[in-house]
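# Chain and residue survey
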Amino acid sequence: MGERSIYRGHSGSWLAEARDAIVSIFFPSGCRICEELLTRASRVPICDKCLASFVPLTEKVCEICGRPMLPVTASVTPADGAKQLCPICREQPGQEKRIYAFDRARSYAVYDGALVRAILLLKFERMEPLGVWFAERLAEVVKTEGLSADVVVPVPLHRDRERERGYNQADLVAKPLARRLKLPHRAVLLVRTRPRPDKQVLSLEERWESVRGAFATRPGSQVDNLRVLLVDDVMTTGATLDACSRALLEAGAKSVIGLTVARAVRNPIAGPS
Ligand SMILES: [Zn+2]
Ligand SMILES: [Zn+2]
């Protein structure tokens, strides 16, 4: 063992070194984000430091879309009960004319730093234990926000994309979340009828345009009067959650709450215009 020990515990004793050696036998690879040697047993191959670096959205957020109302900093005192709406949701306060079709959207943490890397691992490496870990965080959001629903539905991929990838990353979170919330999991309720454009980076306007009318409920699926918890990996403009919500509401759903692991907060605010 000699000088190799990275984690010395409290004393740097031979016992701590022996434990490190054992851990590194069972977990020979490092953290998949920072490559630090993993020193504790977990199915999620990401170190505690990286997991702790995620910034949960516990600050004041817009009551409707969940966008942080202030720059995300370490400590912000909560408001005194007033209804907080961001500039987009405030623009058209009438129920009929509201921008987003979902009732509310909430996210676990800010889409930044290590969480961007973690989402990539979920998305391209089918890291199921990480999906479970995210689902646990989202279950906490559901609890603290007092959200209630009848079914859990993942935002679908177009079938060509899902065939190519072999799975839907949103469902890697939605499925364990449904299990945890003891709600039915309905992965086939919603379908994406039009694929995402091939272009890698979409402008804000293109994002809204590319998802408009791109989703539908599967013929024959039972949606009537359901309160849907709609799950995705990242919310950027809210356009995808909005388009899915419209399809669900048109099919008779009672309400939709969007829930995403991450939220892009640095994006300039832009509505569908
Ligand atoms: Zn790490
Ligand atoms: Zn808002």
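What counts and how
- Residues numbered from 1 in each chain as written.
- Chains lettered and ligands numbered in written order.
- Predicted model: local features only at pLDDT ≥ 70, side-chain atom pairs only at ≥ 80, totals over all residues.
- Heavy atoms only, no water.
- Salt bridge = Lys/Arg side-chain N within 4 Å of Asp/Glu carboxyl O.
- Helix = DSSP H or I, 4+ residues; strand = E, 2+ residues; numbered from the N terminus.
- Buried < 20%, exposed > 50% of the residue type's maximum accessible area, 1.4 Å probe, protein only.
- Donors = N, O, S within 2.8 Å, 3.2 Å for Na, K, Ca; no water.
- Tetrahedral: all angles 85-135°; square planar, octahedral: opposite > 155°, others 65-115°.
- Core = buried A, V, L, I, M, F, W, Y, C linked by side-chain atoms within 4.5 Å.
- Contact = heavy atoms within 4.5 Å.
- Axes fitted to C-alpha atoms, helices over the stretch in contact; angles between N-to-C directions.
- Parallel < 35°, antiparallel > 145°, perpendicular 65-115°, else oblique.
- Left-handed = near helix turned anticlockwise from the far one by under 90°.
- Nonpolar A, V, L, I, M, F, W, Y, C, P; charged D, E, K, R; others polar.

## A closer look at the pattern of salt bridges
Within the structure shown, the criterion is met by eleven salt bridges. Measuring nitrogen to oxygen at the nearest pair gives 2.9 Å for the salt bridge that ties E145 to R106. Of this pair, E145 sits in helix α5 (residues 128-145) while R106 is found in strand β1 (residues 104-110), placing the two residues 39 residues apart along the sequence. According to the relative accessible area criterion, R106 is buried, its value standing at 6%. Note that R137 is salt-bridged to E140, the shortest N-O span being 3.5 Å. Taken together, the positions of R137 and E140, both in helix α5 and three residues apart, correspond to about one turn of that helix. Residues joined by salt bridges that share partners form a network here, namely E136, R137, E140 and R180.

## Topic: the coordination of the zinc ion (ligand 2)
Protein ligation of the zinc ion (ligand 2) involves C62 (SG), C65 (SG), C86 (SG) and C89 (SG), the donor distances falling in the range 2.3 to 2.4 Å. Given four donor atoms and angles of 103 to 115 degrees at the metal, the environment of the zinc ion (ligand 2) is assigned as tetrahedral. Look at where the donors of the zinc ion (ligand 2) fall in the sequence and you get C-x2-C-x20-C-x2-C. Separated by 21 residues along the polypeptide, C65 in the loop between α2 (48-53) and α3 (87-91) and C86 in the loop between α2 and α3 bring together distant segments of the chain. Overall, C65 belongs to the buried group, its relative accessible area being 0%. Among the residues examined, C86 registers a relative accessible area of 2% and is labelled buried.

## Some remarks on the coordination of the zinc ion (ligand 1)
Within the protein, C31 (SG), C34 (SG), C47 (SG) and C50 (SG) serve as the donor atoms for the zinc ion (ligand 1), at 2.3 Å. Angles of 106 to 115 degrees at the metal separate the four donor atoms of the zinc ion (ligand 1), which places the site in the tetrahedral class. Expressed as a motif, the donor residue spacing for the zinc ion (ligand 1) is C-x2-C-x12-C-x2-C. Residue classification places C50 among the buried positions, given a relative accessible area of 9%.

## Structural notes on the nonpolar core
For soluble globular proteins, the rule of thumb is that nonpolar side chains tend to be buried together. Among the nonpolar cores identified, the biggest contains 42 residues, and I46, F54, L115, L130 and F134 are the most heavily contacted of them. The set of elements that each furnish at least two residues to this core consists of α2, β1, α4 (113-125), α5, α7 (169-181), β5 (227-235) and β6 (255-263). Counting residues per element, this core draws most heavily on α5, which supplies eight residues. Setting aside its immediate chain neighbours within four residues, I46 contacts C31, I33, L38, R40, L51, A118, L121 and L130.

## Describing the packing of α4 against α5
Running from N to C, α4 and α5 point in directions that differ by 125 degrees, and their axes come no closer than 9 Å. When the interaxial angle is binned, α4 and α5 end up oblique. The two elements α4 and α5 cross, and the hand of that crossing is left-handed. Residues L115, A118, I119, L121 and L122 of α4 form the contact with α5, whose participating residues are L130, G131 and F134. Split into classes, the residues belonging to the contact of α4 with α5 amount to seven nonpolar, one polar and no charged.

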